[in-house]
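Listed here are the chains, written in short residue letters.
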Amino acid sequence: MDAADLRIRTLGECRISSPLRGLVTRHGTTEHYVDETDRVLFDDTVAMLAGRNGGDLPSFEPGGPRRHIYFDPSKIRVGIVTCGGLCPGLNDVIRGLVLELTSHYGVSRIVGFRNGYRGLVARHGHDVEELTPARVQHINEHGGTVLGTSRGNQDPAEIVDCLDQLGINILFVIGGDGSMRGAQRIAREIADRDRRIAVVGVPKTIDNDIPWIGHSFGFQTAFGKATESIRAAHTEATAQPGGVGLVQLMGRHSGFIACYAALATNDADYVLIPEVPVDVDAFLPHLRRRVRERGHALVVVAEGAGQNYLPAEGTDASGNRSLGDFGIYLRRRILDDFTAAGTEINLKYIDPSYVIRSVPANPYDSVYCLRLAQAAVHAAMAGRTELVVGTWRNRFVHVPIPLAVATRNQVDPDGDLWMSVREATGQPASFTTPATDRAAA
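Visitor: In this structure, what is going on with the overall build of the protein? I would like to understand it.
Guide: On a plain count of helices and strands, the protein comes out with 14 helices and 17 strands. Taken along the three principal axes of its C-alpha coordinates, the protein extends 80 × 55 × 35 Å. A total of 441 residues make up the protein; the buried ones form 54% of that total. Here the protein holds 46 positive side-chain charges and 51 negative ones, and the gap between their average locations is 3 Å.

Visitor: Honestly, the sheet that holds strand β17 (residues 395–400) in this entry has me stumped. Any pointers?
Guide: The strands making up a sheet associate through hydrogen bonds between their backbones, and the pairing can be parallel or antiparallel. The strand order β3-β4-β17-β16-β10-β9-β6-β7-β8 describes an open sheet built from nine strands, whose pairing is mixed. The sheet is open, and its two edges are formed by β3 (40–41) and β8 (128–130), each paired on a single side. With six bridges connecting them, strand β16 (residues 387–392) and β17 associate as antiparallel partners. Within β17, the residue paired with T391 across the bridge is F396.

Visitor: Honestly, the sheet that holds strand β11 (residues 243–249) in this entry has me stumped. Any pointers?
Guide: One open sheet holds the four strands; their spatial order is β12-β13-β11-β14, and the pairing between them is parallel. Strands at the two margins of the open sheet, each flanked by one partner only, are β12 (270–272) and β14 (346–350). Here the average twist between neighbouring strands, direction ignored, is 15°. Taken together, the seven bridges between β11 and strand β13 (residues 296–302) define a ladder with parallel strand orientation.

Visitor: Mind showing me how you'd approach the nonpolar core here?
Guide: Soluble globular proteins tend to pack their nonpolar side chains together in the buried interior. Counting residues in hydrophobic clusters, the biggest one holds 70 residues, and the most contacted among them are I80, F172, F217 and M381. With near-sequence residues (within four places) excluded, I80 lies in contact with I94, L97, V98, I110, V111, G112, F113, L131, L147, L171, F172 and I174. Among the nonpolar cores identified, the runner-up in size contains 36 residues, and I186, A187, W392 and V399 belong to it.

Visitor: Help me understand empty space enclosed by the protein in this model?
Guide: Gaps left between atoms show up when a probe the size of a water molecule is rolled over them. Enumeration over the complete set of coordinates arrives at one cavity of 30 Å³ or more. Taken together, A262, L263, N266, A268, V271, V421, A424 and T425 form the lining of the largest cavity. For the lining of the largest cavity, the elements supplying multiple residues, two or more each, are α7 (256–265) and α13 (416–425). Top element by residues in the lining of the largest cavity is α13. It accounts for three residues. Residue composition of the lining of the largest cavity, by class: six nonpolar, two polar and no charged.

Visitor: Before we go on, may I ask you to explain α7 in this structure?
Guide: Among the 10 residues of α7, seven are classified as buried, and the element is accordingly described as predominantly covered. Burial in α7 covers these residues: F256, I257, A258, C259, A261, A262 and T265. A positive backbone phi angle near 55° is found at N266, which sits one or two residues after α7.

Visitor: Can you help me understand unusual backbone geometry in this one?
Guide: Excluding glycine, residues mostly carry a negative phi; peptide bonds, for their part, are mostly trans. For D194, which is not a glycine, the phi torsion comes out positive at approximately 60°. Looking at the element boundaries, D194 is found in the loop between α5 (177–192) and β10 (198–203). Unlike most non-glycine residues, E386 shows phi in positive territory, near 55°.

Visitor: What is the right way to look at the pairing of strand β4 (residues 59–62) in this model?
Guide: Note on strand geometry: in a regular strand, side chains alternate between the two faces of the sheet. Note: β3 against β4, two bridges, orientation antiparallel. Within β4, the position partnered with V40 by the bridge is F60. Relative to β17, β4 runs antiparallel, the two being bridged by two bridges. What sits directly across from P62, in β17, is V397.

Quick notes on the rules
Residues numbered from 1 in each chain as written. Predicted model: local features only at pLDDT ≥ 70, side-chain atom pairs only at ≥ 80, totals over all residues. Heavy atoms only, no water. Helix = DSSP H or I, 4+ residues; strand = E, 2+ residues; numbered from the N terminus. Buried < 20%, exposed > 50% of the residue type's maximum accessible area, 1.4 Å probe, protein only. Lys, Arg positive; Asp, Glu negative; His and termini not counted. Charge placed at Lys NZ, Arg CZ, Asp CG, Glu CD. Pairing = 2+ DSSP bridges. Axes fitted to C-alpha atoms, helices over the stretch in contact; angles between N-to-C directions. Core = buried A, V, L, I, M, F, W, Y, C linked by side-chain atoms within 4.5 Å. Contact = heavy atoms within 4.5 Å. 1 Å grid on protein atoms, 1.4 Å probe; cavity = no way out; pocket = protein on both sides within 12 Å on 5 of 7 lines; lining within 4 Å. Points joined across faces, edges and corners; volume = space filled by probe spheres on them. Nonpolar A, V, L, I, M, F, W, Y, C, P; charged D, E, K, R; others polar.

Below, the structure written as C-alpha cells:
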C-alpha cells in the first residue's frame, strides 16, 4: 500500500459555496472530527509506521461536508440504484441519501432505478421512480429495498447512455463487491466519454467482506439476528441426550457472521469458517468426544467452509462461484459417523440465511446507514467519483473503488478475532484424531 493507491479522483475544482459551510468553518481536526484539509493515516501502530521508508505516508481522504462543492444543487439530477443480494439497511441508505440531498443541499430531482443495474438498461424496460422525502418517509421500517435489486453484469456503455439521456449528474450505487466492480466500469466509461458524472458507492455486504471500510452496514443486524438461531440450536442440543446443534450462517468467503454470532452467545463448541481449512475426518472424532464428555455440542459453520468436500456448482448471475451446501453435507457426515460408532445422537440443523438478510436494520445499523448516506452525498457534491464511503479507525473516509475491489476482507487465522473465537470455543487450531478415539476405532 502506498499513497497513490489511496488517491481519489475528482471531476474538477470546487468553486460553489456549500450550503453546509456553516457547519465546518469553525472546525479543525480533533479526536472526533477530521478537517477536509487533513488526512487519515492508513497505519496505526509504531511498528507499521517504522516500516515505511520515507516518502508520503499512505492516508485516506476524510469524509464529511466541504466548504465548497463542485455541483450546483439547483441544476443537477441524481440517480440511486441498489444491486446484489438483500441486506439489512438498504432502505435506510436510500432514505438517508434522499433526505440529505433534499433537506441540506436543496436537490429536488432524484430518481431511483428499478431492479439493480437492469434498471439503467433501456432494453429491460424498467421505469424510473421519483424519490421524494414523502416517498421515503417510512421505508426504513421495512427490510429489503423499495427499488428492487438484481444480479448480473450489464453493459456500461448502455448504462452511461441512460445517464446521459436522463441528465443524471450523480449516481449512487448501493451494493457489494460485484456491484462496485460494475460502478468502476461505469465510472471508466464516463471518463472515456469525458462526461462530468460522479459515481459514488455505499458498500453493502452482509458478509462484511469488502476491505478498508471498517465494517459494512447491516453486518451488526445480521450477526445479531443469527444469535437467535444459535440460542435455539443450543437449547435443542441441551434438552436431549446426545444433542448436537448445527447452525449454518452466511459467509461465502469470509466467516465474520459466524465468528461474531458465536462470540455473542458464547455457547458454540466449534466454529468452522472458509479461512481456516477443516479436516472433517479429524473433526468428527472431536465432536463425538465433546458430546460424550458434556452430553451435547453446538457447531456453527459459515456457508463457504469445507467447499473442498463438495463438487463445483458453476457460477451465479454475477459470475461468483456457486457454493455447495456444506451444512447439509456436514449434517449427513455427523449422523453417519455417530451411527457407525454406535453413539446416540439427536441432531437439529438450522439455516436461517434468508431470514437474516431480509430483516430491517437494528438501531445501530440505522444510525450507521444514515451517516454513510450523508458521507456519500458530501463526497458526490464535492465532485469526488469512483469511490466508496466507509470508516477507517472510526473515521469516515473515501476509499477508491479499485482498492475496495482488489482484495477481500477475511478473518485472519492469526488475528485477534479468530484468537477470541478459539478462546470462547476451546477448539484446537487444527483437528487431529484423539488417542482414545483411535483406540476405540
